[in-house]
Amino acid sequence: MQHDDNLTRDRPTFVTHLECSATGERHAADEVHNLSRAGKPLLVRYDLAGVRQALTKEGLARRPPDFWRYRELLPVRRAEDVVSLGETMTPLVAMPRLAARHGCAEILVKDEGRLPTGSFKARGLALAVSMAKALGIRHMAMPTNGNAGAALAAYASRAGIKTTIFCPDDTPEVNVSEIDLQGARVYRVNGLIDDCGRIVGEGKARVGWFDVSTLKEPYRIEGKKTMGLELAEQLGWDVPDVIFYPTGGGTGLIGMWKAFAELEAIGFIGCKRPRMVAVQAAGCAPVVRAFDEGVEHASRWENATTIASGIRVPQAIGDFLILRAVRESGGFAMAVDDAAISSALKEAARWEGLLLCPEGAATYAALKQSLADGRVGRHERAVLFNCATGLKYPLPPITRTLDRTKPIDFAGL
Ligand SMILES: *Cc1c(COP(=O)(O)O)cnc(C)c1O
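Residues numbered from 1 in each chain as written. Predicted model: local features only at pLDDT ≥ 70, side-chain atom pairs only at ≥ 80, totals over all residues. Heavy atoms only, no water.

1. Details of the overall build of the chain
For the chain, the helix and strand inventory stands at 13 helices and 13 strands. Here the C-alpha atoms of the chain give a radius of gyration of 21 Å, agreeing with the 22 Å that 2.2 N^0.38 yields for 413 residues. Projecting the C-alpha coordinates of the chain onto the three principal axes gives extents of approximately 70 × 50 × 50 Å. Here the chain holds 413 residues, and the buried ones make up 59% of them. Considering only contacts within the chain whose residues lie at least 6 apart along the sequence, 71% involve residues at least 24 apart. As displayed, the chain offers around 16,700 Å² of accessible surface, 51% of which is attributable to carbon and sulfur atoms. (Helix = DSSP H or I, 4+ residues; strand = E, 2+ residues; numbered from the N terminus. Rg over C-alpha atoms; globule rule 2.2 N^0.38 Å. Buried < 20%, exposed > 50% of the residue type's maximum accessible area, 1.4 Å probe, protein only. Contact = heavy atoms within 4.5 Å. Areas by Shrake-Rupley, 256 points an atom, 1.4 Å probe, with all protein chains shown as cover.)

2. Looking at the site of the ligand
For the ligand, the set of nearby residues contains 18 residues, the closest of which are Lys-121, Lys-224, Tyr-245, Gly-248 and Gly-250. One nitrogen or oxygen atom from the side chain of Asn-147 is found 2.9 Å from an oxygen atom belonging to the ligand. At 2.5 Å, a side-chain N or O of Tyr-245 approaches an oxygen atom of the ligand. The protein chains hide 97% of the 380 Å² of surface that the ligand would expose on its own. (Near = heavy atom within 4 Å. Polar contact = N/O pair within 3.5 Å; in protein donor to acceptor, adjacent residues only side chain to side chain.)

3. Quick look at a nonpolar patch on the surface
Side chains of Leu-402, Ile-408, Phe-410 and Leu-413 sit close together on the surface and give an oily, nonpolar patch of about 450 Å² of accessible area. Assignment of secondary structure puts Leu-413 in the segment after β13 (381-386). (Patch = residues over 30% accessible without salt bridge, like charges linked within 9 Å, V, L, I, M, F, W, Y side chains within 5 Å. Salt bridge = Lys/Arg side-chain N within 4 Å of Asp/Glu carboxyl O.)

4. Here we look at the pattern of salt bridges
Applying the stated rule across the entire model yields 30 salt bridges. Of the charged contacts, one joins Glu-233 and Arg-69 as a salt bridge, the two residues approaching to 2.7 Å between their closest N and O atoms. Of the two residues, Glu-233 sits in helix α8 (residues 220-234) while Arg-69 sits in the loop between α2 (57-61) and β4 (92-94), which places them 164 residues apart along the sequence. Classification of Arg-69 as buried rests on a relative accessible area of 4%.

5. Thoughts on the pairing of strand β7 (residues 162-168)
Where burial is concerned, most of β7 is hidden: six out of the seven residues are buried. Two elements, strand β6 (residues 139-143) and β7, share five bridges in a ladder whose sense is parallel. Bridge pairing in β7 places Met-142 opposite Ile-165. In this region the chain leaves β6, passes through helix α5 (residues 147-159) and returns to the parallel neighbour β7; the handedness of that crossover is right-handed. When β7 meets strand β8 (residues 185-189), the two strands line up parallel, connected through five bridges. Along β8, the bridge assignment pairs Ile-165 with Val-186. (Pairing = 2+ DSSP bridges. Right-handed = clockwise from strand over helix to strand, strands pointing away.)

6. Some points on the nonpolar core
The biggest cluster of nonpolar side chains holds 95 residues, and the ones touching the most others in it are Leu-125, Met-140, Leu-152 and Phe-385. Counting residues per element, this core draws most heavily on helix α4 (residues 121-135), which supplies eight residues. Formed by 32 residues, the second largest nonpolar core is a distinct cluster that contains Val-242, Ala-281, Leu-345 and Leu-384. (Core = buried A, V, L, I, M, F, W, Y, C linked by side-chain atoms within 4.5 Å.)

7. As for the packing of α8 against helix α9 (residues 251-265)
Closest axis-to-axis distance for the α8/α9 pair is 7 Å, and the angle between their directions is 60°. The orientation of α8 with respect to α9, classified from their angle, is oblique. Relative to α9, α8 is oriented so that their crossing is right-handed. Judged by residue contacts, Arg-220, Ile-221, Glu-222, Lys-224, Lys-225, Met-227, Gly-228, Leu-229 and Ala-232 of α8 engage Thr-251, Gly-252, Ile-254, Gly-255, Met-256, Lys-258, Ala-259, Phe-260, Glu-262 and Leu-263 from α9. Among the residues making up the contact of α8 with α9, the classes are represented as nine nonpolar, four polar and six charged. (Axes fitted to C-alpha atoms, helices over the stretch in contact; angles between N-to-C directions. Parallel < 35°, antiparallel > 145°, perpendicular 65-115°, else oblique. Left-handed = near helix turned anticlockwise from the far one by under 90°. Nonpolar A, V, L, I, M, F, W, Y, C, P; charged D, E, K, R; others polar.)

8. What about the packing of helix α10 (residues 286-293) against helix α11 (residues 319-328)?
Think of two packed helices as two axes; the pair is described by the angle between the axes and how far apart they sit. As a packed pair, α10 and α11 sit with axes 10 Å apart at the nearest point and diverge in direction by 55°. In terms of their interaxial angle, α10 and α11 are classed as oblique. The handedness of the crossing between α10 and α11 comes out as right-handed. Here Val-287, Ala-290 and Phe-291 of α10 come into contact with α11, specifically with Ile-322, Leu-323, Val-326 and Arg-327. Classifying every residue of the contact of α10 with α11 by side-chain character gives six nonpolar, no polar and one charged.

9. Here's the deal with the sheet that holds β7
Taking strand neighbours across the sheet as the criterion, the four strands line up as β8-β7-β6-β9 in an open arrangement whose pairing is parallel. Here the strands that pair on one side only, and so sit at the sheet edges, are β8 and β9 (210-211). Strands in contact with α5 are β6 and β7; relative to β7, the strand with the most contacts, it is inclined by about 170°.

Below, the structure is given as structure tokens:
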């Protein structure tokens, strides 16, 4: 079988313009942008009729298994601008024992922990850094709860771009270290991620760095979109009945929703959509509250706290896009508490050998609750997103020991 090389192959690309997600106003492609003139996230638009002509399912099947295989639906125009660390397609791992235990037709875990830097933030930052390289950006800055900063540091260093990163002071130790080791200047800040975001915004004018905060630049979402493209391809160009997504800034949920629309437009899938479920932690659930209240924007969640640090986002600039996708899909938003997250994490590890991250465990806890209260039917195929490897988080101490100098009670082991 002949393989295309996704990385070096020249790419006639199909980006036509960027569009304001709130007003629809057009902005030129191939220029440096943050938010739209209305102060809202920008979305990349493509000549989808052109993509439809250029791309076939068979052609795609011959390409290597990384997300650059979807290059016609990605914004990088020149192969030489691609910054890559080997973005493998992540597996859909079934949890058959837990599906049987809780009475669900099929539970599939999209295991994003296999990506470079151990989280799906690699998808977004590979694209954002490649585009920064294409546009000549020299210095990038971002607020992070850990995983995004790690991915930015890795890709930007690889591209020779300087990075300055701010994280809450209780960010997991491993994240702060990996960010630093991968060449960024990282600061712990006595505040939450939006407090860090404010510093990035203020420094923009003074230092001249590029703000690469969630949804404040147009390309991270294009990288996260590849989760939806990949998922549909892996399911034989079909979508699952329901997707549980651990929602912080919401890039992945919004990105997948965009992916499904683009796939329909190029004739790869039909009009069926999964119900999108935004999962948050009970200690930080602004999107759930807004969903329940039926409003379009989520107000800031005060005193946010949860062990699922990746979704400890008190306020999201793309709140209205998350809520729109969830509602259009016929899905819902729900919160699970830290105790439920911890027990879900243990259950998946013990029964299925899958060490989920707390955010991934939150989606499993949410699925169990939804099966119990009937919001998800027993005939349904559910996909959970495990967005990072469980190994990046503090793990519980194990205290059991054995003294080899004393007689061992083997029967009691
Ligand atoms: C960033 C992150 C999330 C939230 O992703 P968004 O698309 O920004 O909502 C969930 N889980 C983990 C592990 C993360 O790092």
